[in-house]
Amino acid sequence: MLSDKDLKKLANGSDIRGVAVEGIADEPVTLTIEAANRIAAGFVKFLAGRREKSPVDLKIAVGTDSRISAPQIKSAVIDALSSQGVSVLDCGMASTPAMFMSIIFPETSADGSIMITASHLPFNRNGLKFFTKTGGVEHDDITEILDFAAETEENHNRSGKVEEFNLIDLYAENLVKKIRKAINAGDKPLEKMHIVVDAGNGAGGFFAEKVLKPLGADISGSQFLNPDGNFPNHIPNPEDKDAMASIKKAVLDNKADIGLIFDTDVDRMGAVLSDGEDINRNSLIAMISAILAEEYPHGTIVTDSVTSDELTEFLEKVLNLHHIRYMRGYRNVINKCIELNSAGINSPLAIETSGHGALSENYYLDDGAYLAVKLIIAAAKLSKEGKTLAGLIEKLRHPAEAAEYRFKISGVENFRAYGNNVLETFENRAIENGIEIAKPSFEGVRLVFADGWALLRMSLHDPKMPLNIESSEKGGVKKIAAKIKDMLEGFDALDLNILDK
C-alpha cells in the first residue's frame with residue numbers, strides 16, 4: 001500500500017502528475033493504478049464536503065486526453081467513484097475545458113469532474129485535474145484531497161451507475177452556436193475562410209471536424225488530428241519550437257488564412273497568421289486584448305510576471321487598458337482576475353505567456369478552444385471590413401533579444417528559504433548599485449535597465465531560480481546577464497555556470 005509520502009509526491013500545484021507508464025530510463029511509475037484509485041476516492045470525500053451531499057447523491061464526470069495510459073487510469077478512477085455509490089459520466093476523450101463545462105451544461109449538470117491529463121508532458125506522464133462548480137481546485141484543495149486519499153483503501157468494486165456520455169460533441173456544438181451568433185451570417189459563416197488546425201495527436205482534433213467544418217470553413221491541410229498518445233509528430237505544446245514550426249509550415253504550404261495549434265488537453269493554444277507570423281506569448285496576449293478592448297474599455301489585463309515592457313506599452317498606450325503582471329501559474333493569474341472583478345475592477349482577461357488564457361465572460365476557464373473562437377470571430381468580422389488580424393497588433397513592438405536561464409539550487413536543506421535569501425540580497429545589491437526595481441512586483445525581483453529588464457524569481461515547484469532577461473538592443477542580454485552574475489556572487493549553492501554558455 002502506498003504511503004502518505006508517496007501520494008503527496010504526486011501533488012503538482014493545483015493538480016496531480018506522475019509517471020504513469022514505463023518507457024524512459026530512470027523514471028519509475030509513480031502514478032500507479034492504486035494511486036489513481038485512492039486519489040479519486042479522496043476527491044469524492046472532498047466534493048461531498050463541498051457540496052454537502054453524501055457520495056451516493058453525487059454525479060462526477062470523467063474524461064481523458066489521448067495519452068496511452070488513459071484507459072487504465074480512467075478505469076481505476078471510475079472504480080473508485082462508483083465503489084462509493086457515485087453516479088459517473090464516462091465522457092471518453094475530451095478536453096480539460098469541456099470537463100469543466102460538464103458541470104455547467106444542463107444536459108450533464110455534474111457536481112464535479114475529473115480530467116485525466118498531464119498537459120504537454122512526455123508520453124509516459126499522466127495526471128488528474130479536478131473541477132467543482134467554482135472552477136479548478138486550488139493547491140490547498142489538492143493537499144486536502146491527498147489527505148483523504150491517505151485514509152482510503154484501494155477499491156475496485158463498482159456499485160454506482162456508470163453512464164457513457166459524448167461530452168465533446170455537446171461542447172463543440174456550444175462553440176458552433178457562439179460563432180454563428182457572433183458573426184450573424186447564416187449557418188456557414190466561415191465558408192470563405194481556410195483554417196488549418198494542428199492538434200499534435202492530442203485531444204484537440206475535434207475543433208477542426210466538429211467546430212470549423214460544420215461552419216463551412218476549409219480545413220484542408222489540418223494535421224495530426226488523430227489521437228495518439230505516443231505523440232509521433234511533435235510535442236503538442238504551443239511553446240515548443242518544433243510544434244510552432246510545424247503549424248507555420250502547414251499554413252504557408254496550404255495558403256491558409258490562419259493556423260491554430262493546441263496542447264494535449266486543449267486548455268492552451270497558439271496561432272499562425274497567413275504570412276507565417278507566430279501568434280503566441282506577447283503577441284497572443286496583445287491580440288486577444290485588442291479583440292476585447294472595445295467591449296471592455298479601460299479593462300485590466302492580468303498576465304504572468306515575464307511579459308515584456310513592450311506589451312505593457314501596447315496594452316496601456318495603444319489599447320488604453322491597464323496591465324498587471326502577476327505571479328506565474330495559471331491559477332494565480334485567474335484568481336487575481338476573479339479578485340479584481342469581485343472588487344468592482346473590470347478585468348476581462350487572465351492570460352499567461354504559455355497560452356493559458358481565461359476570460360471573465362467564459363467562467364474564468366483557461367480554454368484554448370474558446371480563445372481560438374475569439375480569434376476566428378474577430379478574423380471573420382475584420383475580413384468584412386477589408387482588415388486582418390495582423391492589423392490588431394501592428395503597433396506592438398518586440399524586444400530585440402530575450403533569454404531565460406534556470407539556476408539549480410543544490411546542497412541545501414531548504415531550497416525555498418535559500419532562494420528567498422538570494423532574492424532579498426539581490427534586491428539590496430541592486431539598490432546599492434543604483435539599479436531601478438520595478439514596483440509593484442508580485443513575484444521575484446524585476447530590475448529595470450535603460451535597454452531592457454531582468455526578472456529573478458523562485459520556480460513554482462522546483463529547486464530552481466529562473467532568470468528572464470529582455471533587451472531592446474542586440475547584445476544587450478549578454479551585458480545584463482554579466483551584471484546579474486556580479487550581483488549573485490557568493491551564493492555557492494546557486495549554479496550560475498549557464499550564464500557563461
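Residues numbered from 1 in each chain as written. Predicted model: local features only at pLDDT ≥ 70, side-chain atom pairs only at ≥ 80, totals over all residues. Heavy atoms only, no water.

Engineer: Break down the nonpolar core for me, citing the residues and quoting the values.
Structural biologist: It is characteristic of soluble globular proteins that their nonpolar side chains tend to be buried jointly. With 80 residues, the main nonpolar core has Leu190, Phe207 and Leu260 as its most contacted residues. In contact with Leu260, not counting residues within four places along its chain, are Ile195, Val196, Val197, Asp198, Phe207, Ile247, Met269, Gly270, Ala271, Ala372 and Ile376. Leu31, Ile39, Leu47 and Leu58 belong to the second largest nonpolar core, which has 36 residues in total. (Core = buried A, V, L, I, M, F, W, Y, C linked by side-chain atoms within 4.5 Å. Buried < 20%, exposed > 50% of the residue type's maximum accessible area, 1.4 Å probe, protein only. Contact = heavy atoms within 4.5 Å.)

Engineer: I'd like a rundown of the pattern of salt bridges, residues and numbers included.
Structural biologist: Enumeration over the complete set of coordinates arrives at 33 salt bridges. Between Asp65 and Arg67 there is a salt bridge whose closest N-O contact spans 3.4 Å. In the salt-bridge network here, residues are joined through shared partners; they are Glu239, Asp263, Arg268 and Arg281. (Salt bridge = Lys/Arg side-chain N within 4 Å of Asp/Glu carboxyl O.)

Engineer: Could you give me a rundown of the packing of helix H6 (residues 167–183) against helix H12 (residues 368–384), with the residues and numbers involved?
Structural biologist: Relative to each other, H6 and H12 sit at 25°, their axes nearing to 10 Å. Here H6 lies roughly parallel to H12, going by the angle between them. Note that H6 runs across H12; the crossing there is right-handed. From H6, Tyr171, Leu175, Lys178, Ile179, Ala182 and Ile183 reach across to H12, where they touch Ala369, Tyr370, Val373, Ile377, Ala380, Lys381 and Lys384. Each residue belonging to the contact of H6 with H12 can be placed in one class, and the counts come to 10 nonpolar, no polar and 3 charged. (Axes fitted to C-alpha atoms, helices over the stretch in contact; angles between N-to-C directions. Helix = DSSP H or I, 4+ residues; strand = E, 2+ residues; numbered from the N terminus. Parallel < 35°, antiparallel > 145°, perpendicular 65-115°, else oblique. Left-handed = near helix turned anticlockwise from the far one by under 90°. Nonpolar A, V, L, I, M, F, W, Y, C, P; charged D, E, K, R; others polar.)

Engineer: Can you explain the pairing of strand E11 (residues 269–273)? Please cite residues and give values.
Structural biologist: The element E11 is extensively covered by neighbouring structure, given that 5 of its 5 residues are classed as buried. Neither face of E11 is exposed, since Met269, Ala271 and Leu273 on one face and Gly270 and Val272 on the opposite face are all buried. Sheet topology note: the strand E10 (residues 258–262)/E11 ladder contains 5 bridges and is antiparallel. Following the sheet pairing, Leu260 is matched in E11 by Ala271. The turn joining E10 and E11, which pair antiparallel and follow one another in sequence, is formed by 6 residues; a positive phi near 65° is taken by Val266. Here E11 pairs with strand E12 (residues 278–279) via 2 bridges, running antiparallel. By the bridge assignment, Ala271 is partnered in E12 with Ile279. Between E11 and E12, which pair antiparallel in sequence order, lie 4 residues; one of them, Gly276, sits at a positive phi of approximately 95°. (Pairing = 2+ DSSP bridges.)

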